[in-house]
Amino acid sequence: TLNPKIYLMYEDALVLLLTEVLNRIQFRYNQAQLEELDDETLDDDQQTEWQRYLRQSLEVVAKVMELLPTHAFSTLFPVLQDNLEVYLGLQQFVVTSGTGHRLNITAENDCRRLHCSLRDLSSLLQAVGRLAEYFIGDMFAARFNDALTVVERLVKVTLYGSQIKLYNIETAVPSVLKPDLIDLWVSYIYSNPLVWQIFCKLGMNHLSHLVVLGSLTMCPPLFQVQEKLLLSACHLLVSLATTVRPVFLISIPAVQKVFNRITDTSAQRLPDKAQVLVCRALSNVLLLPWPNLPESEQQWAVRSTNHTSLISALTRDYRQLKSNAILPQRKVQLEDTKVIIHQTLSVLEDIVESISGESTKSRQICYQSLQESVQVSLALFPAFIHQSDVTDEMLSFFLTLFQGLRVQMGVPFTEQIIQTFLNMFTREQLAESILHEGSTGCRVVEKFLKILQVVVQEPGQVFKPFLPSVISLCMEQVYPIIAERSSPDVKAELFELLFRVLHHNWRYFFKSSVLASVQRGVAEEQMENEAQFSAIMQAFGQSFLQPDIHLFKQNLFYLETLNTKQKLYHKKIFRTTMLFQFVNVLLQVLVHKSHDLLQEEIGIATYNMASVDFDGFYSAFLPEFLASCDGVDSNQKNVLGRNFKMDRDLPSFTQNVHRLVNDLRYYRLCNDSLPPGTVKL
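Residues numbered from 1 in each chain as written. Predicted model: local features only at pLDDT ≥ 70, side-chain atom pairs only at ≥ 80, totals over all residues. Heavy atoms only, no water.

Student: So what about the overall build of the protein? Which residues, and what values?
Tutor: Counting its regular elements, the protein contains 32 helices and 4 strands. Out of the 681 residues in the protein, the part that is buried amounts to 51%. Restricting to contacts in the protein with at least 6 residues of sequence separation, those with at least 24 account for 71%. Approximately 32,700 Å² of the protein is accessible, and the part contributed by carbon and sulfur atoms is 51%. (Helix = DSSP H or I, 4+ residues; strand = E, 2+ residues; numbered from the N terminus. Buried < 20%, exposed > 50% of the residue type's maximum accessible area, 1.4 Å probe, protein only. Contact = heavy atoms within 4.5 Å. Areas by Shrake-Rupley, 256 points an atom, 1.4 Å probe, with all protein chains shown as cover.)

Rendered as structure tokens:
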């Protein structure tokens, strides 16, 4: 980071840069170029060409704001103010027509200028939203006046826009001005975090109330607006409920209307994304603690009752599926059932995920409301075990539950869930999922393994009885299916599960004997479940022989971590039966150049293993390794052995390893280039 004094040397250049960037994103100055940018086709980042251009430009504006806040604000605000005046003046041109309201601006030049002004105001509002972080936090007091100036204008726009609803009126050029007005409102939502955060900081409840009221007038027409505006309004509601958390939010008629509409099972359902967002917002209104209020004033009892009512209404159809779960279903009926499962679980999973990091009280209330639906899900699971699309969604829901509400579910029910899954995922079912079901079937197995990862790393003894079953499932059922297949995602999850079994349950395999330590003066560890440990290590070793470099890197990291934390390479069983097998595999990988990107990691791991028994490495392993090398004659092998110095420090050792590998490759290349019979191998 440069010294601020240096920035002052370039002050004029930075101000000029800011002015030029602002001009380039405004249609008022640059319409011809900006109109050429595609604003319909989405790229891999779900952005249009125009959105990407605008975002990159705003990042430049934000950087100048960080360096020269006063200059940046004095440059940006007048431009914003000019365009706001145009927008606020549109009310005088709104007239009543037979079908509603119409914007009485028809002249071509006037429409063109309005189009430019609306597009520019949309961009400038996004700029304000992007710069919100520079008005709060440590800089709040210093930039208070500037922030308040912006906020006062935005409050006025909030109330004005809520009353006039320009995005709903008829225009002379509907294909242009209508999208402009919708985009403007979406951009205004983007800028709203500045308003909320500053008011929260100020504690100005009255004005904050006005902003919330104005913003939420978008929510009653949630059910009859374009999807772009609908999703923006939903995100606005989520932000209010999650970030601002005003106490009065649930009592606002607009929110109550949304609540009633969402819980009315006879009403038309919102599109999936909007439904999930609105349900998250309503749930968070009831679950998240209100800021700056003591526990005694949180009204948890009332909020808990309301949350139970919300979840009950949202899951009514889903809970009724339990009674018919074991009955065979016709194809049409099955598809209807799948729709109910998808719609319900997508909402519930999102609700759980949104509060997984919140207070214990919030999570307790959430699980109380969800408890019956969770039990229904477990009851339904066996009935849909052969429907991979359904089991995929169910396991995704259970994974979220295990990650966020594990404590609230309690030990007995958690054990019931695990046992049900272990019983259902037979080898035949796993094979069906992995081999025949394509990507969906693989995702099912991946999520099942992720759930087991959560279980095996749980501290304490509660879930330790499941370890033998989990290891058996991994090594006897899953591993044989995928060992010789690609299945990169399933393999990654399987080996992470095996790593967590070892890392968090070391005493399941190695039990320190305190008595032996006292008697002999040396700590000894009694080996238990040796066959399972050996099978796991063998699986790790086999993974290093396969071409998947990502799996290789992951598993090498796991072994190195186990050595760092648990002294894996020093354990007798590893040292005496596995150590030099692993070293041999790592050296062969280096020789064959199959994983050259990991040369450094492989070299360090080889050293860490060899250093456990340097004497054995130099006296036995290295001669045997060279003797087994094909493509080189005995004299070349002797040279390779002599050149490998018996160093015991990491830099020298790894240098020797890489020299050995390079020389061995060189000899083989030379020998292969000679006429047959020239070199006696």
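Here the narrative resumes.
Student: Before we move on, can you summarise helix 22 (residues 467-482) with the specific residues and values?
Tutor: Along its 16 residues, helix 22 runs 21 Å from first to last C-alpha, staying within 8% of the 22 Å computed at 1.5 Å per residue. Extensive coverage of helix 22 is indicated by the burial of 12 of its 16 residues. Restricting attention to buried positions, one finds in helix 22 the residues Leu467, Val470, Ile471, Ser472, Leu473, Cys474, Met475, Gln477, Val478, Tyr479, Ile481 and Ile482. (Expected span 1.5 Å × (residues − 1).)

Student: Give me the nonpolar core: which residues, what numbers.
Tutor: Counting 159 residues, the largest nonpolar core has Phe421, Phe533 and Met537 as the members making the most contacts within it. Among residues more than four places away in sequence, those in contact with Phe421 are Leu378, Phe381, Leu395, Phe398, Phe448 and Ile451. One finds Leu54, Leu58, Ile105 and Leu124 within the second-largest nonpolar core, a separate group that totals 55 residues. (Core = buried A, V, L, I, M, F, W, Y, C linked by side-chain atoms within 4.5 Å.)

Student: Got a sec to walk through the packing of helix 11 (residues 253-263) against helix 13 (residues 300-314)? Specific residues and values, please.
Tutor: Between helix 11 and helix 13, the least distance of the axes is 9 Å, while the angle of their chain directions is 40°. Judged by the inter-axis angle, helix 11 sits oblique to helix 13. Contacts between helix 11 and helix 13 pair Phe259, Ile262 and Thr263 from the former with Asn306, Leu310, Ala313 and Leu314 from the latter. (Axes fitted to C-alpha atoms, helices over the stretch in contact; angles between N-to-C directions. Parallel < 35°, antiparallel > 145°, perpendicular 65-115°, else oblique.)

Student: Could you give me a rundown of unusual backbone geometry, with the residues and numbers involved?
Tutor: Within the chain, Asn529 stands out as a residue other than glycine whose phi angle is a positive 50°. Along the polypeptide, Asn529 turns up in the loop between strand 4 (524-527) and helix 25 (530-543). For Lys593, which is not glycine, the phi dihedral falls at a positive 55°. The residue Lys593 is located in the loop between helix 28 (579-592) and helix 29 (599-610) in this model.

Student: Talk me through the packing of helix 2 (residues 11-24) against helix 4 (residues 49-67); I want residue IDs and the actual numbers.
Tutor: The relative placement of two packed helices comes down to the angle between their axes together with the axis-to-axis distance. Packing of helix 2 against helix 4 leaves a shortest axis separation of 10 Å and a crossing angle of 155°. Relative to helix 4, the element helix 2 is oriented roughly antiparallel. Judged by the twist between their axes, the crossing of helix 2 over helix 4 is left-handed. Contact residues: Leu14, Leu17, Leu18, Val21, Leu22 and Arg24 in helix 2; Tyr53, Ser57, Val60, Val61, Val64 and Leu67 in helix 4. In terms of residue class, the contact of helix 2 with helix 4 is made up of 10 nonpolar, 1 polar and 1 charged. (Left-handed = near helix turned anticlockwise from the far one by under 90°. Nonpolar A, V, L, I, M, F, W, Y, C, P; charged D, E, K, R; others polar.)

Student: Give me the lowdown on the side chain of Lys637, citing residues and values where you can.
Tutor: Along the chain, Lys637 falls in helix 31 (residues 634-643). Asp633 is the oppositely charged side chain nearest to the buried, salt-bridge-free Lys637, at an N-O distance of 8.0 Å. For Lys637, the side chain forms a polar contact with the main-chain oxygen of Cys629, separated by 3.2 Å. The residues contacting Lys637, other than those within four sequence positions of it, are Leu626, Ala627, Cys629 and Val632. (Lys, Arg positive; Asp, Glu negative; His and termini not counted. Salt bridge = Lys/Arg side-chain N within 4 Å of Asp/Glu carboxyl O. Polar contact = N/O pair within 3.5 Å; in protein donor to acceptor, adjacent residues only side chain to side chain.)

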